[in-house]
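Single-letter residue listing:
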Amino acid sequence: MENENILCVKGIKKSFGGVHALRGVDLTIRRGETHCLAGENGCGKSTIIKVISGFYKPDAGTIEVDGKGYPVMTPAEAIKAGVQVIYQDFSIFPNLTVIENLAFNQVLANKKKLVNKKEFRRIAEEAIKKIKFDVDLDALVETLPVADKQLIAISRALLDNAKLIIMDEPTTALTKREVDRLFEIVTDLKENGVTILFVSHKLEEVFEISDSITILRNGQNVISCPMEEMTEEKFAHYMTGRHFDTQVVKEVNEEKYGDVVLEARNLTAPGFEDVSFELHQGEILGVTGQLGSGRTELSLSLFGLLQPTGGQILVEGKEVHIKNVSVAQKLGIALVPEDRLTEGLFLPQSIIRNITVSRMDKLGNKMGILSSKKVVEESAKWVKDIGVATKNHEFPVQTLSGGNQQKVVLGRWLANHPKVLILNGPTVGVDIGAKYDIHKLLRELAAEGMAIIVVSDDASEVIATCDRALVMQAGRVTGRLSAKELDTATLAQATV
Amino acid sequence: MKKMDSNIKRLLIILVAFIIIACVTKPTAFIKIGNFQTMAKQLSEYGLMSIGVGICMISGGIDLSTVYIANLCGILAGITMQDGGNVPLAILVGLVVGIICGSFNGFLVSYLRIPAMLATLGTYQLFMGIAILASKGSTVSGIPEAYTSFATTALLGYIPLSFVVFLLLILAVTFIMSRTKFGTRVYLVGTNERAARFAGIHCNAVLVRTYMLSGLLSAVAGLLSLARINSAKADFGSSYTMQSILIAVLGGVNPNGGFGTIPGIAIAVVILQMMSSYLNMFPGISNYYRDLIWGIALIGVLIINFALDKRRTQRLSKIS
């Protein structure tokens with residue numbers, strides 16, 4: 001008799017040091033369904049996955065897979081029980097070929113000492129056939145696009161007779177088209193009796209793909225219900241525990257714009273070509289497009305981190321050559337980079353240092369000697385102004401939540417009083433509440449006359465904040481949308 | 001800031017505990033002015049090199065060539081002042097050579113992106129090679145007494161001048177690292193070079209200056225040893241390379257970059273010198289054991305730092 005529930009975990013508790021990541025989480029997944037696990041960053045989603053896959057040992061609670069209880073789950077047992085996790089980094093070997101990646105596990109599991117190339121190929125072909133995945137088996141994995149890497153990870157999971165596949169934020173790096181293909185595969189898998197636990201915080205996806213949903217907040221269950229009982233408003237409320245208007249009311253009034261601050265004329269650099277635009281004081285320009293469309297490269301070239309090979313950049317009507325970041329800084333251009341953790345912050349250093357790093361020239365005397373009083377005051381001012389929630393400015397910035405970390409990066413650049421503020425993915429990995437705060441702040445800054453460029457692939461963000469938008473595709477501007485044209489439908493159409 | 005204090009407190013406790021143990025077990029040999037004077041002279045030289053290694057480690061790299069920069073500077077200064085040469089000019093030659101050697105290290109590490117470990121291992125060999133050629137493979141001697149008397153003079157009759165130089169440089173570097181833009185940037189580049197570039201820091205310039213400073217400190221060490229031993233040789237003090245790394249790590253420098261303080265390194269220098277002198281007072285412990293003991297000490301310190309770091313991370317995440 002098959003058990004109705006493929007997975008049943010109860011009362012899972014887990015703490016790290018003094019932090020309670022999970023405070024008694026229950027999760028029940030029925031056989032053959034697609035279940036969504038949602039919640040904001042830091043709610044315990046990743047931790048519970050790692051507990052289920054045997055990576056972490058829970059402090060309390062029970063795990064049952066397919067009706068069988070596991071007092072201590074180890075990664076090996078989890079795989080044997082049919083639980084497979086597709087992590088965000090896919091855990092594949094980039095320097096090996098597709099065949100090798102697919103066949104290794106199987107061959108190792110069979111304890112074979114000798115390697116047979118024909119056998120390898122047979123296993124690999126069988127694996128990709130299961131999900132109708134068409135790929136060059138001899139290609140090195142590192143040369144493939146992200147979406148293909150993900151499919152390789154899924155194929156490999158299926159080879160191990162996965163009954164439950166857990167996908168951890170699988171759509172983060174995918175284009176719209178790739179997401180569609182992934183969803184087709186998920187539907188296929190479901191028909192073949194594979195259960196999917198889909199971890200996500202993106203509202204549209206959750207509603208599109210799931211049969212039922214569990215939402216976590218602060219390491220606790222908030223709700224578990226079939227998808228039919230969930231609405232968009234409820235979703236936002238359960239995720240954050242707050243009630244708010246997710247749409248910032250924006251007033252687009254073209255008359256209020258000031259002079260042109262920044263202009264690009266036929267700008268070309270590795271990654272994009274022939275991009276032209278004008279940016280006025282008080283205006284928020286959106287630059288949107290998929291990963292690899294050249295949007296990131298465009299932002300880097302305006303900040304001196306990527307040298308243009310053609311075209312012109314004009315600041316307040318004068319042509320400029322932005323050789324490096326400090327030239328950009330002197331011209332009043334600031335960039336909040338895409339990857340907060342590796343590009344934006346000095347994680348183990350104090351909040352003070354992270355905020356004042358780009359202001360040191362102003363905080364010291366001509367000999368390069370810093371006034372520690374000025375440094376502390378400057379940092380305190382911005383922590384307060386921008387609302388970073390912290391008890392002590394001496395703490396490493398890594399102790400802050402994603403949203404507060406992003407505010408620190410933002411504060412660092414606002415401290416320079418830029419004329420042009422470029423933000424690349426300003427709210428990636430930021431919870432809904434902080435996202436709302438940041439959007440509001442951007443509108444306020446624009447109202448005070450700052451010129452802002454928001455580079456983002458998040459359609460709702462572009463709609464909520466921008467006055468106009470450029471749509472980029474394969475390194476070229478393929479669309480220009482005015483305020484009136486900016487809505488979900490036109491954006492979706494323009495970016496596909 | 002809090003962390004800095006706790007590290008220094010820890011080192012001071014070790015230091016005091018060690019002095020007590022030494023005084024109790026070897027009262028007559030250890031508590032002697034002469035012993036302290038000898039220690040002060042010896043530690044000044046590799047102490048300066050340890051500071052150089054330390055700042056390079058803070059910047060996210062390492063400098064393995066300090067000893068050979070010191071020897072090269074000592075030899076070139078020695079040749080210049082030999083047989084009645086100009087002493088001030090010789091000192092200048094030594095310092096300038098140190099700066100050039102250090103800048104070259106910095107150039108390799110920053111502009112050419114060669115891993116610091118390999119770059120300075122290469123220049124280690126290179127500087128030694130130049131030193132052998134310059135000294136024709138033998139010892140440079142015939143140093144004028146006007147210069148060597150520096151090593152025998154003591155301030156107020158007790159404090160060796162070389163130790164005074166060491167203290168002054170410690171103060172200067174401490175100030176540079178904790179109170180200037182440059183120092184702060186070294187810490188930030190050492191933490192995350194990519195983020196530093198995005199924040200508008202000229203990482204290459206910062207790194208070149210860091211290695212240059214290390215080269216300069218090594219040059220001073222070379223000049224001090226030239227005065228103390230009255231000669232210079234291309235392969236003098238090769239064991240100091242390992243020792244200076246040990247001192248930097250013992251002093252609380254994070255080998256991954258971004259953390260560490262100069263006073264911490266200075267206290268570690270004193271601790272290590274005392275341990276070394278103390279070991280010498282036991283004829284039963286052969287010199288053969290020395291490498292073994294230092295090896296165990298380095299690994300031990302690394303393990304303790306790892307454990308403390310882990311505890312601190314947990315405590316911090318609890319607070320937030």
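Once a new chain begins, its residue numbering starts again from 1 and follows that chain's sequence as written. Chains and ligands are labelled sequentially in the order written, the chains with letters from A and the ligands with numbers from 1. Local features in this predicted model are restricted to residues of pLDDT 70 or higher, and side-chain atom pairs are both shown and tallied only at a pLDDT of 80 or more, whereas totals for entire chains, interfaces and linings draw on every residue.

**Q** Quick one: what's the story with the overall build of chain B, residue by residue and with numbers?
**A** Regarding its fold elements, chain B presents 14 helices and two strands. Computed over the C-alpha atoms, the radius of gyration of chain B is 20 Å, within 12% of the 20 Å expected from 2.2 N^0.38 for a compact globule of 320 residues. Its C-alpha atoms put chain B at 65 × 50 × 35 Å along the principal axes. A buried classification covers 46% of the 320 residues belonging to chain B. Remark: residues whose backbone-derived C-beta atoms lie within 7 Å of one another are considered to be in contact. Restricting to contacts in chain B with at least 6 residues of sequence separation, those with at least 24 account for 78%. Secondary structure counts use DSSP, requiring at least four H or I residues in a row for a helix and at least two E residues in a row for a strand, with both numbered from the N terminus. Using C-alpha atoms as the atom set, the radius of gyration is obtained and then compared with a globule rule of 2.2 Å times the number of residues to the power 0.38. Around each residue's C-beta, the other C-beta atoms within 10 Å are counted; 20 or more make the residue buried, 12 or fewer make it exposed, and counts in between make it partly exposed. All C-beta atoms are placed from the backbone.

**Q** Requested: an account of the overall build of chain A, with residues and values cited.
**A** When helices and strands are tallied, chain A shows 18 helices and 20 strands. A compact globule built from 496 residues would reach a C-alpha radius of gyration of about 23 Å, and chain A, at 25 Å, matches this within 12%. Expressed as lengths along the three principal axes of its C-alpha atoms, the size of chain A is roughly 75 × 50 × 50 Å.

**Q** How would you explain the sheet that holds strand E6 (residues 83–86) of chain A if you had to name every residue and give the values?
**A** Residue and element names in this part refer to chain A. Reading across the sheet, the six strands line up as E6-E7-E8-E3-E9-E10 and stay open at both edges, with mixed pairing between neighbours. Edge strands, defined here as strands with exactly one partner in the open sheet, are E6 and strand E10 (220–226). On average, adjacent strands in this sheet sit at an angle of 15° to one another, irrespective of strand direction. Bridge count for strand E7 (residues 164–168) against strand E8 (residues 195–199) is five bridges, and the pairing is parallel. Of the residues in E8, the one forming a bridge with Met-167 is Phe-198. Pairing between two strands is assigned when DSSP locates at least 2 bridges connecting them. Axis geometry follows a simple rule: fit a line to the C-alpha atoms, using only the stretch in contact for helices, then measure angles between N-to-C directions, giving values from 0 to 180 degrees.

**Q** Residue-level account of the pairing of strand E13 (residues 284–288) of chain A, with values.
**A** Residues and elements named next belong to chain A. Counting buried residues in E13 gives five out of five residues, a clear majority hidden from the surface. Sheet topology note: the E13/strand E18 (residues 451–455) ladder contains four bridges and is parallel. Within E18, the position partnered with Ile-284 by the bridge is Ile-452. Both E13 and strand E19 (residues 468–473) contribute to a ladder of four bridges, which runs parallel. Paired with Gly-286 across the bridge in E19 is Ala-469.

**Q** Any chance you could break down the pairing of strand E4 (residues 60–65) of chain A for me, citing the residues and the numbers?
**A** Residues and elements named next belong to chain A. Pairing of strand E1 (residues 5–16) with E4, which is carried by five bridges, proceeds in the antiparallel orientation. Residue Lys-13 lies in a different strand from E4, and its bridge partner there is Ala-60. Counting the residues that bridge the hairpin from E4 to strand E5 (residues 68–69) gives two residues, and of these Asp-66 lies at a positive phi of roughly 55°.

**Q** Give me the lowdown on unusual backbone geometry, citing residues and values where you can.
**A** Despite not being glycine, Asn-266 of chain A shows a phi value in the positive range, around 45°. Mapped onto the elements of the fold, Asn-266 of chain A is located in strand E11 (residues 260–269). Residues other than glycine seldom take positive phi values, yet Asn-230 of chain B does so here, at roughly 65°.

**Q** Explain the domain arrangement of chain A to me, using residue names and the numbers behind them.
**A** Under the domain assignment used here, chain A contains domain 1 (5–240) and domain 2 (254–495). Where each domain begins and ends is defined by an automated method or by a domain database. One C-alpha centre belongs to domain 1 of chain A, the other to domain 2 of chain A, and the line joining them spans 34 Å.

**Q** Account for the environment of Thr-74 of chain A, with residues named and values stated.
**A** All names here are of chain A. Note on placement: Thr-74 falls in the loop between E5 and helix H2 (75–80). You can call Thr-74 partly exposed: it has 13 C-beta atoms within 10 Å. In the structure, Thr-74 is positioned 20 residues away from Gly-54 in sequence and 4.2 Å away in space, judged by C-alpha atoms.

**Q** Any chance you could break down the nonpolar core for me, citing the residues and the numbers?
**A** By size, the foremost hydrophobic cluster in this structure holds 164 residues, and its most contacted members are Ile-422 of chain A together with Leu-72 of chain B. Among the elements that take part in this core, helix H11 (residues 203–229) of chain B stands out by supplying 15 residues, more than any other. In this structure, Leu-72 of chain B is in contact with Val-97, Cys-101, Phe-127, Ile-130 and Ala-131 of chain B, ignoring residues within four places of it in sequence. Think of a nonpolar core as buried Ala, Val, Leu, Ile, Met, Phe, Trp, Tyr and Cys residues chained together by C-beta atoms that fall within 7 Å. Ranked by size, the runner-up nonpolar core spans 60 residues in total, among them Met-73, Ile-86, Ala-157 and Leu-189 of chain A.

**Q** Give me the lowdown on helix H14 (residues 372–386) of chain A, citing residues and values where you can.
**A** Residues and elements named next belong to chain A. Here H14 contains 15 residues, and its C-alpha end-to-end distance of 21 Å stays within 8% of the 21 Å for a straight helix at 1.5 Å per residue. The complete set of buried residues in H14 reads Glu-378, Ser-379, Trp-382, Val-383 and Ile-386. Projection of H14 onto a plane perpendicular to its axis shows the buried side chains occupying an angular sector of 130°, all on one side. In H14, those exposed residues whose orientation departs by more than 90 degrees from the buried face are Lys-373, Glu-377 and Lys-384. Looking at the buried positions of H14, the neighbouring elements they touch are helix H12 (351–356), helix H13 (360–363) and helix H15 (402–414). Once H14 ends, the next one or two residues include Gly-387, with phi positive near 75°. To estimate how far a helix should reach, multiply one less than its number of residues by 1.5 Å. In this description, one arc is meant: the one made by directions from the helix axis to the C-beta atoms.

**Q** Describe in detail helix H1 (residues 45–52) of chain A, supporting the description with residues and values.
**A** Residue and element names in this part refer to chain A. For H1, a buried count of eight out of eight residues is recorded, marking the element as mostly surrounded by other parts of the structure. Along H1, the residues that are buried comprise Lys-45, Ser-46, Thr-47, Ile-48, Ile-49, Lys-50, Val-51 and Ile-52. Positive phi shows up at Gly-54, right after H1, with a value of about 85°.

**Q** Run through the confidence of the model for chain B, naming residues and quoting values.
**A** Think of pLDDT as the predictor's per-residue confidence, scored from 0 to 100. Across chain B, the average pLDDT comes to 88, with 96% of residues at 70 or higher. For this predicted complex, the interface confidence score (ipTM) comes to 0.83, while the overall pTM stands at 0.77.

**Q** An account of the packing of helix H8 (residues 161–179) of chain B against helix H13 (residues 262–280) of chain B is needed here, citing residue identities and associated values.
**A** Residues and elements named next belong to chain B. Relative to each other, H8 and H13 sit at 150°, their axes nearing to 9 Å. As far as their axial angle goes, H13 and H8 are roughly antiparallel. Across the interface between the two elements, Ile-170, Val-173, Thr-174 and Met-177 from H8 touch Ile-262, Pro-263 and Ala-266 from H13. Here the contact of H8 with H13 is composed, by residue class, of six nonpolar, one polar and no charged. Relative orientations are named as follows: roughly parallel for angles under 35 degrees, roughly antiparallel for angles over 145 degrees, roughly perpendicular for angles from 65 to 115 degrees, and oblique for any other angle. Gly is put with the polar residues, along with every residue not named as nonpolar or charged; the nonpolar set is Ala, Val, Leu, Ile, Met, Phe, Trp, Tyr, Cys and Pro, and the charged set is Asp, Glu, Lys and Arg.

**Q** Before we move on, could you go through the environment of Gly-106 of chain B and cite the residues and values that matter?
**A** Residue and element names in this part refer to chain B. Locating Gly-106 in the fold gives a position in helix H5 (residues 87–110). The buried category is assigned to Gly-106, around which 28 C-beta atoms lie within 10 Å. When near neighbours in sequence (up to four residues on either side) are disregarded, Gly-106 contacts Leu-207, Val-208, Thr-210, Tyr-211 and Met-212.

**Q** So what's going on with the sheet that holds strand E12 (residues 272–280) of chain A? Residues and values would help.
**A** Residues and elements named next belong to chain A. Pairing is antiparallel across the open sheet formed by four strands, whose spatial order is E12-E11-E14-E15. Because the sheet does not close on itself, it has two edges, and the strands there are E12 and strand E15 (318–320). The mean angle between the axes of side-by-side strands here comes to 25°, regardless of whether they run parallel or antiparallel. Pairing of E11 with strand E14 (residues 310–315), which is carried by five bridges, proceeds in the antiparallel orientation. Looking across to E14, one finds that Thr-268 is bridged to Gly-310.

**Q** Pulling in residues and values, what's your account of the packing of helix H3 (residues 33–58) of chain B against helix H4 (residues 66–81) of chain B?
**A** All names here are of chain B. Closest axis-to-axis distance for the H3/H4 pair is 10 Å, and the angle between their directions is 130°. Classed by the angle they form, the pair H3 and H4 counts as oblique. As for how H3 packs across H4, the hand of that crossing is right-handed. Residues Met-49, Gly-52 and Val-53 of H3 form the contact with H4, whose participating residues are Thr-66, Val-67 and Ala-70. In this scheme the crossing of two helices becomes right-handed for a clockwise turn of the near helix relative to the far one and left-handed for an anticlockwise turn of less than a right angle.

**Q** So what's going on with the environment of Ile-223 of chain A? Residues and values would help.
**A** All names here are of chain A. Its place among the elements puts Ile-223 in strand E10. On the basis of neighbour counts, which here come to 16 C-beta atoms within 10 Å, the residue Ile-223 falls in the partly exposed class. Sequence spacing of Ile-223 and Phe-235 is twelve residues, and the spatial spacing of their C-alpha atoms is 9.8 Å.

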